[in-house]
Amino acid sequence: MKKLFAVVVFGVSILGLTDTAFSQNKIGYVNTEELIGSMPEAATATTQLQDYQTALQQQGNDYYAELQEKDSAFVKDSAKLSPAAKELRRTGLIELSQKVQGWQQVMQQKLQEKQQELLIPIRNKALETIKIVGKENAFTYVLDQNSVIVGPPGDDILPLVKKKLNIKEKEAASKGPGAARPKP
């Protein structure tokens, strides 16, 4: 009986230690999309991406105008051209036509590459700042709000990260710490 009592007491004390260890975990949540969207660098990157897209669209328009011009010239001059010259121009028109048709795909690929080039440094800066804020405020875990469907209670650290990045709140902070996940 004494052994059973000792085992039960030991088991309860282990559970108590485990609960204490888990309750010491400080969990924070942050909405990284909102954070990145509020960074001044993101607005600059968006403008640069829009300018790049406009330039790519203009390039596509130029290709199309060139195709129309060369096609019109070919139709107009075809009666005067030798069969070899006709074949060379026709081949050039086909190549240009394929370039125009494939431009939309090329443009999308170039846009994605440019977007990555512009956003990776911004995202890295945001993540590094989140890590710093997490360490400074003794958070054991910091989770992205957009990735967690169900999670333990925690604090919304977005205001702390924005403060660290010197981002001014546009509206009064209606959400304080604890707003990310309800506390039990």
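Residues numbered from 1 in each chain as written. Predicted model: local features only at pLDDT ≥ 70, side-chain atom pairs only at ≥ 80, totals over all residues. Heavy atoms only, no water.

Let's hear about the nonpolar core: which residues, and what values?
One finds Leu35, Met39, Ile130, Ile157, Val161 and Leu165 to be the most contacted residues of the largest nonpolar core, which totals 27 residues. Contributions of two or more residues to this core are made by helix H2 (32-38), helix H3 (40-77), helix H4 (83-136) and helix H5 (158-164). No other element matches H4, which puts eleven residues into this core. Discounting residues that sit within four places of it in the chain, Met39 has contacts with Ile122, Lys125, Ala126, Leu165 and Ile167. (Core = buried A, V, L, I, M, F, W, Y, C linked by side-chain atoms within 4.5 Å. Buried < 20%, exposed > 50% of the residue type's maximum accessible area, 1.4 Å probe, protein only. Helix = DSSP H or I, 4+ residues; strand = E, 2+ residues; numbered from the N terminus. Contact = heavy atoms within 4.5 Å.)

Quick one: what's the story with the pattern of salt bridges, residue by residue and with numbers?
Inspection of the entire model under this criterion finds seven salt bridges. Among the salt bridges present, the one from Arg89 reaches Asp77, with a minimum N-O distance of 3.6 Å. Here Arg89 is found in helix H4, whereas its partner Asp77 is found in helix H3, with twelve residues between them in sequence. For Glu117, the salt bridge goes to Lys114, with nearest N and O atoms at 3.5 Å. Of the two residues, Glu117 and Lys114 both sit in helix H4, three residues apart, roughly one turn of that helix. (Salt bridge = Lys/Arg side-chain N within 4 Å of Asp/Glu carboxyl O.)

Which residues make up H4, and what values do they have?
Because an α-helix completes one turn every 3.6 residues, residues spaced three or four positions apart along the sequence face the same direction. Helix length check: H4, at 54 residues, gives a terminal C-alpha distance of 78 Å against a target of 80 Å (1.5 Å per residue), a fit within 8%. By the largest-angle criterion, Trp103 marks the main kink of H4, which is about 45°. With its phi angle positive at about 60°, Ala138 sits one or two positions after the end of H4. (Expected span 1.5 Å × (residues − 1). Bend = angle between axes of the 7 residues up to and from the residue.)

How would you explain the sheet that holds strand E3 (residues 155-156) if you had to name every residue and give the values?
An order of E2-E1-E3 is seen for the three strands of this open sheet, with the pairing classed as parallel. The open sheet has two edge strands, strand E2 (141-144) and E3, and neither has a second partner. The pairing of strand E1 (residues 27-30) with E2 spans four bridges and is classified as parallel. Bridging across to E2, Ile27 finds its partner in Tyr141. (Pairing = 2+ DSSP bridges.)

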